[in-house]
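The chain contents come next:
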Amino acid sequence: MKSNYKTNTDAINKVLKWHAVNNAQASENMKKEDDFYSITSKVQLYYNKDGKLSVGYYDYMYAGGAHGMYDTTIFNYDLTTGKQISLKSILNTDEKKSKAKKYAVYVLNAKYKKGANLFEDVINDPPFDVSKMPFYLRDSGITVRFYPYDVAPFSEGFVDITIPYSEINKK
């Protein structure tokens, strides 16, 4: 079992390194065009427990204009199998997808009512599909990530909402 675990973690580390090296190369290529252009990446470990791993990259690209653009890439793995965990495997029924979306809307509304700088029209008529969003694992549930401009102005950055497993699996 341990040899599979080592093989799995080596393969996962290779994917994580590939992302970092790719961004560094893309940034070098952009700087050839203009010294001010760049891509910067920060990595964050979100979860590493019970054989599950969530690692994310915050990528910021500036290629001219008023401001750059943020991107996020989050990798979720089952360390015992080495396979990526997809959100579709967690929200594997229409009912679970619906519950997750309703809970996300509930939290966004609560934040808005407390004065958070969110787009009221998006919250009241949400166009997003929670099952297709970047996410990371937590002890209590999953955290889905909204990109800048999805539910809030660019200045607010990413908006993360944790959806408890108890809400997803509620009968």
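Residues numbered from 1 in each chain as written. Predicted model: local features only at pLDDT ≥ 70, side-chain atom pairs only at ≥ 80, totals over all residues. Heavy atoms only, no water.

Turning our attention to the overall build of the chain. On a plain count of helices and strands, the chain comes out with five helices and seven strands. Put simply, the chain runs from its N terminus to its C terminus through helices and strands in the order α-β-β-β-β-α-α-α-β-β-β-α. Judged by the C-alpha coordinates and their principal axes, the chain covers about 50 × 50 × 25 Å. Evaluated residue by residue, the chain yields a buried proportion of 40% over its 171 residues. Pairs at least 24 apart in sequence give 52% of the contacts found in the chain among residues at least 6 apart. In the chain, which carries 24 positive and 20 negative side-chain charges, the distance between the mean positions of the two groups comes to 8 Å. (Helix = DSSP H or I, 4+ residues; strand = E, 2+ residues; numbered from the N terminus. Buried < 20%, exposed > 50% of the residue type's maximum accessible area, 1.4 Å probe, protein only. Contact = heavy atoms within 4.5 Å. Lys, Arg positive; Asp, Glu negative; His and termini not counted. Charge placed at Lys NZ, Arg CZ, Asp CG, Glu CD.)

Among the structural elements, Glu-33 can be located in helix 1 (residues 2-33). Overall, Glu-33 belongs to the exposed group, its relative accessible area being 65%.

So, on to the pairing of strand 1 (residues 38-49). Judged from the eleven bridges that link them, strand 1 and strand 2 (residues 52-62) form a sheet pairing that is antiparallel. Across the sheet, the residue bridging to Thr-40 is Tyr-60, located in strand 2. (Pairing = 2+ DSSP bridges.)

Before going further, it helps to examine the environment of Asn-117. Position of Asn-117 relative to the elements: it lies in the loop between helix 3 (94-113) and helix 4 (120-124). A relative accessible area of 40% places Asn-117 in the partly exposed class. C-alpha of Asn-117 to C-alpha of Asn-29: the two residues are 88 residues apart in sequence and 36 Å apart in space. If sequence neighbours within four positions are ignored, Asn-117 has contacts with Ala-152, Pro-153, Ser-155 and Glu-156.

A few words on the sheet that holds strand 7 (residues 159-164). With antiparallel pairing, three strands are arranged side by side in an open sheet as 5-6-7. The open sheet has two edge strands, strand 5 (135-137) and strand 7, and neither has a second partner. Going across the sheet, the axis of each strand differs from the next one's by a mean of 25°, ignoring polarity. Strand contacts of helix 3: strand 6 (141-146) and strand 7, with the helix running at about 130° to strand 7, the strand carrying the most contacts. (Axes fitted to C-alpha atoms, helices over the stretch in contact; angles between N-to-C directions.)

Mapped onto the secondary structure, Thr-143 falls in strand 6. A polar contact of 2.7 Å, which involves the side chain of Thr-143, links it to the side chain of Thr-162. Filtering out sequence-adjacent residues up to four positions away, Thr-143 remains in contact with Pro-134, Phe-135, Tyr-136, Arg-138, Asp-160, Ile-161 and Thr-162. (Polar contact = N/O pair within 3.5 Å; in protein donor to acceptor, adjacent residues only side chain to side chain.)

With that settled, the discussion passes to the confidence of the model for the chain. Looking at the chain as a whole, its pLDDT mean stands at 92, while 98% of the residues score no less than 70. Element-level mean pLDDT values for the chain span from 87 in helix 1 up to 98 in strand 5. (pLDDT = per-residue confidence, 0-100.)

Ile-142, Val-144 and Ile-163 are the most contacted members of the largest nonpolar core, which totals 28 residues. Listed by contribution, the elements that provide at least two residues to this core are helix 2 (87-90), helix 3, helix 4, strand 5, strand 6 and strand 7. For Ile-142, the contacting residues outside a window of four places in its chain are Leu-87, Ile-90, Leu-91, Phe-135, Tyr-136, Leu-137, Ile-161, Thr-162, Ile-163, Tyr-165 and Ile-168. Among the nonpolar cores identified, the runner-up in size contains eight residues, and Leu-16, Val-55, Phe-75 and Leu-79 belong to it. (Core = buried A, V, L, I, M, F, W, Y, C linked by side-chain atoms within 4.5 Å.)

The sheet built from four strands is open, its strands ordered 1-2-3-4 with antiparallel pairing. Because the sheet does not close on itself, it has two edges, and the strands there are strand 1 and strand 4 (83-84).

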